[in-house]
Amino acid sequence: IHEVDRNGIGGCIIETGVWRGGAMIMAAAVTSESNFGRRNLYLYDAFDSIPGYGPSKSFLENTEDEVKGYFKLFGMLDHNVKFVKGMFKDTVPQWQKGTPIAVLRVDGNFYDSYADVLYSMYEDVPVGGIVIFDDVMSHPHVMRCWTDFKRDQNLKEDLVRIDKLSAWFRKIEDVKVDQSKRLPPQDANKSQ
């Protein structure tokens, strides 16, 4: 957030897959102190049990009210924090095209979840905007989604590793996403 502020990159902050909201609570705190001004924060999550999580289901599931409660606990829940409930395949295509996204953080664990986000939102990340992928270094199907998208959209950006799970990059070139390159469902969206 400091990086996009420092470089004058306008737009909101989006996290797809918020779990308990910790990263976005921190984002709310950082933007509340920013000279750039308070940015809108969009939290996309099923806010429910998700098929495919198996034995981790009870640990990973959350509710919108639970996450709102954490925001309230830290004094960060206000009109700039917007919750979007539902599976990515249903919610991210409804994104208001043309609305700049300064920081796009994707945490979806599945090929299809990443594809849903990239094909629906990537165009709205301006040059200089930041894209963060959780799970890309630890989940081979997530890495495959990135490499497929990068190849199919002729992207020049390379991932910068954050830790053993995550990576990020700064967008260096505007692109028009070629929707015809999207592959059929690979995992999370297959049975739904």
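Above this text sits the structure in question.
Remember, it's a predicted structure, so these values are computed and weren't measured experimentally. (Residues numbered from 1 in each chain as written. Predicted model: local features only at pLDDT ≥ 70, side-chain atom pairs only at ≥ 80, totals over all residues. Heavy atoms only, no water.)

### What about the packing of aromatic side chains?
Move 1: For the coordinates displayed, the defined rule picks out 10 aromatic pairs.
Move 2: Both rings, one in phenylalanine 47 and one in phenylalanine 83, keep their centres 5.8 Å apart while their planes meet at 55 degrees; by these two values the pair is tilted. With phenylalanine 47 in the loop between strand 2 (41-45) and helix 3 (57-60) and phenylalanine 83 in strand 3 (residues 81-85), the pair connects residues that are 36 residues apart, well separated along the chain. Each member of the pair phenylalanine 47 and phenylalanine 83 is classed as buried.
Move 3: A cation over an aromatic ring shows up here: lysine 68 above the ring of phenylalanine 83, its NZ or CZ 5.3 Å from the ring centre. (Phe/Tyr/Trp six-rings, centres within 6.5 Å; stacked < 30°, edge-to-face > 60°. Helix = DSSP H or I, 4+ residues; strand = E, 2+ residues; numbered from the N terminus. Buried < 20%, exposed > 50% of the residue type's maximum accessible area, 1.4 Å probe, protein only. Lys NZ or Arg CZ within 6 Å of the ring centre and 35° of its normal.)

### Remarks on the environment of phenylalanine 149
Move 1: Looking at where phenylalanine 149 falls in the secondary structure, it is placed in helix 7 (residues 140-152).
Move 2: Given the relative accessible area of 2%, phenylalanine 149 is considered buried.
Move 3: In this structure the C-alpha to C-alpha distance between phenylalanine 149 and alanine 115, which are 34 residues apart in sequence, comes to 7.8 Å.
Move 4: Discounting chain neighbours no more than four positions away, the residues touching phenylalanine 149 are Leu118, Tyr119, Tyr122, Leu155 and Val177. (Contact = heavy atoms within 4.5 Å.)

### A few points about the nonpolar core
Move 1: Counting 31 residues, the largest nonpolar core has Ile14, Met121, Tyr122 and Phe133 as the members making the most contacts within it.
Move 2: The dominant element in this core, judged by the number of residues it contributes, is helix 6 (residues 111-121), at 7 residues.
Move 3: The contacts of methionine 121, once residues within four sequence positions are left out, are Ile14, Thr16, Tyr44, Val92, Trp95, Lys97, Ile101 and Leu104. (Core = buried A, V, L, I, M, F, W, Y, C linked by side-chain atoms within 4.5 Å.)

### A few points about helix 2 (residues 22-32)
Move 1: If you check which residues of helix 2 are buried, you get Met24, Ile25, Ala27, Ala28, Val30 and Thr31.
Move 2: Structurally, helix 2 contributes buried residues whose contacts are with helix 1 (2-6), strand 1 (12-16), strand 2 and helix 4 (64-73).

### What about the side chain of aspartate 135?
Move 1: With respect to the secondary-structure elements, aspartate 135 resides in the loop between strand 5 (130-133) and helix 7.
Move 2: No salt bridge is formed by the buried aspartate 135. Its closest oppositely charged neighbour is arginine 105, at 7.4 Å.
Move 3: A polar atom in the side chain of aspartate 135 sits 3.4 Å from the backbone nitrogen of asparagine 109.
Move 4: Beyond its immediate sequence surroundings of up to four residues, aspartate 135 is in contact with Asp107, Gly108, Asn109, Tyr114, Val142, Leu165 and Ser166. (Lys, Arg positive; Asp, Glu negative; His and termini not counted. Salt bridge = Lys/Arg side-chain N within 4 Å of Asp/Glu carboxyl O. Polar contact = N/O pair within 3.5 Å; in protein donor to acceptor, adjacent residues only side chain to side chain.)

### So, a nonpolar patch on the surface
Move 1: On the surface, a nonpolar cluster with roughly 340 Å² of combined accessible area is contributed by Tyr70, Leu73 and Phe74.
Move 2: Within the fold, phenylalanine 74 resides in the loop between helix 4 and strand 3.
Move 3: Under the relative-accessibility criterion, phenylalanine 74 is labelled exposed at 55%. (Patch = residues over 30% accessible without salt bridge, like charges linked within 9 Å, V, L, I, M, F, W, Y side chains within 5 Å. Areas by Shrake-Rupley, 256 points an atom, 1.4 Å probe, with all protein chains shown as cover.)

### Observations concerning the sheet that holds strand 5
Move 1: Spatial strand order, 3-2-1-4-5-7-6: 7 strands in an open sheet with mixed pairing. Both edges of this open sheet fall to strand 3 and strand 6 (160-161), since each of them pairs with a single strand only.
Move 2: Sheet analysis places strand 5 next to strand 7 (residues 167-170), joined by 4 bridges and oriented antiparallel. Paired with isoleucine 130 across the bridge in strand 7 is arginine 170. (Pairing = 2+ DSSP bridges.)

### Describing the pattern of salt bridges
Note on pairing: side chains with opposite charge can pair once their charged atoms come close.
Move 1: Enumeration according to the criterion identifies 17 salt bridges in this entry.
Move 2: A salt bridge links arginine 38 to aspartate 78; its shortest N-O distance comes to 2.9 Å. With arginine 38 in the loop between helix 2 and strand 2 and aspartate 78 in the loop between helix 4 and strand 3, the pair connects residues that are 40 residues apart, well separated along the chain.
Move 3: The salt bridge involving aspartate 152 is made with arginine 151; its shortest N-O contact spans 2.9 Å.
Move 4: Residues participating in the shared-partner salt-bridge network are Glu15, Arg105, Asp107 and Asp134.

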